[in-house]
Amino acid sequence: MDVTDNRVKVWIDQDLCTGDGICTDHAPEVFTILEDGIAYCKEDGHVFSDPGGAAELALVPVSSEAEVVAAANECPGECIFVEFVSVATLEAGRTPELSEPR
Ligand code: SF4
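Below is a short write-up of the structure. (Residues numbered from 1 in each chain as written. Predicted model: local features only at pLDDT ≥ 70, side-chain atom pairs only at ≥ 80, totals over all residues. Heavy atoms only, no water.)

Here the focus is the overall build of the chain. Within the chain, the secondary structure is distributed over 3 helices and 6 strands. Written out in order from the N terminus, the α and β elements of the chain read β-α-β-β-β-β-α-β-α. The burial tally for the chain puts 41% of its 102 residues in the buried class. Considering only contacts within the chain whose residues lie at least 6 apart along the sequence, 63% involve residues at least 24 apart. When the accessible surface of the chain is summed, it comes to about 5,700 Å², and 49% of that surface belongs to carbon and sulfur atoms. (Helix = DSSP H or I, 4+ residues; strand = E, 2+ residues; numbered from the N terminus. Buried < 20%, exposed > 50% of the residue type's maximum accessible area, 1.4 Å probe, protein only. Contact = heavy atoms within 4.5 Å. Areas by Shrake-Rupley, 256 points an atom, 1.4 Å probe, with all protein chains shown as cover.)

Quick look at the pattern of salt bridges now. For the structure on display, the rule yields 1 salt bridge. Taking the shortest distance from any N to any O, the salt bridge between Arg-7 and Glu-65 comes out at 3.8 Å. Here Arg-7 is found in strand S1 (residues 6-12), whereas its partner Glu-65 is found in helix H2 (residues 65-74), with 58 residues between them in sequence. The exposure class assigned to Glu-65 is buried, which follows from its relative accessible area of 18%. (Salt bridge = Lys/Arg side-chain N within 4 Å of Asp/Glu carboxyl O.)

Looking along the chain, the bond that leaves Asp-50 and enters Pro-51 is cis, with omega of 10 degrees. Counting through the fold element by element, Pro-51 comes out in the loop between strand S4 (46-47) and strand S5 (58-59). The phi dihedral of Asp-44 is positive, around 50 degrees, even though this residue is not glycine. Take Asp-44: it is sitting in the loop between strand S3 (39-43) and S4. You can call Asp-44 exposed: its relative accessible area is 82%. For Glu-78, which is not a glycine, the phi torsion comes out positive at approximately 50 degrees. Inspection of the secondary structure puts Glu-78 in the loop between H2 and strand S6 (80-86).

Taken in spatial order, the 3 strands line up as S5-S1-S6 in an open sheet, and their pairing is antiparallel. Whereas interior strands pair on both sides, the edge strands pair on one side only; in this sheet they are S5 and S6. In the sheet, S1 pairs with S5 via 2 bridges, with the strands oriented antiparallel. From the neighbouring strand, Val-10 faces S5, where its bridge partner is Ala-58. (Pairing = 2+ DSSP bridges.)

Written as structure tokens, this is what we have:
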């Protein structure tokens, strides 16, 4: 399978987030920090905060994929989880299996 056959989805374990904002510095279109001082993912402007965590994976714009991976690599809480999902899976509406972080 070619890498272009995959898209990136991302979620944050809010229980581990330190709120330092490294993720929002890298990809403000994908990450945001709410009033509770914790980071959440967003997709097309919708913030996944109810409940957040692994229950809500945001589809990352292709133009932001490298920044999201960089944020995951630098996250001090090690709480940004990146999933590579095949386009075929997305088109079929299936939920990917969760894998280990990074
Ligand atoms: S980089 Fe990680 S620890 Fe820092 S605010 Fe973002 S998710 Fe939280």
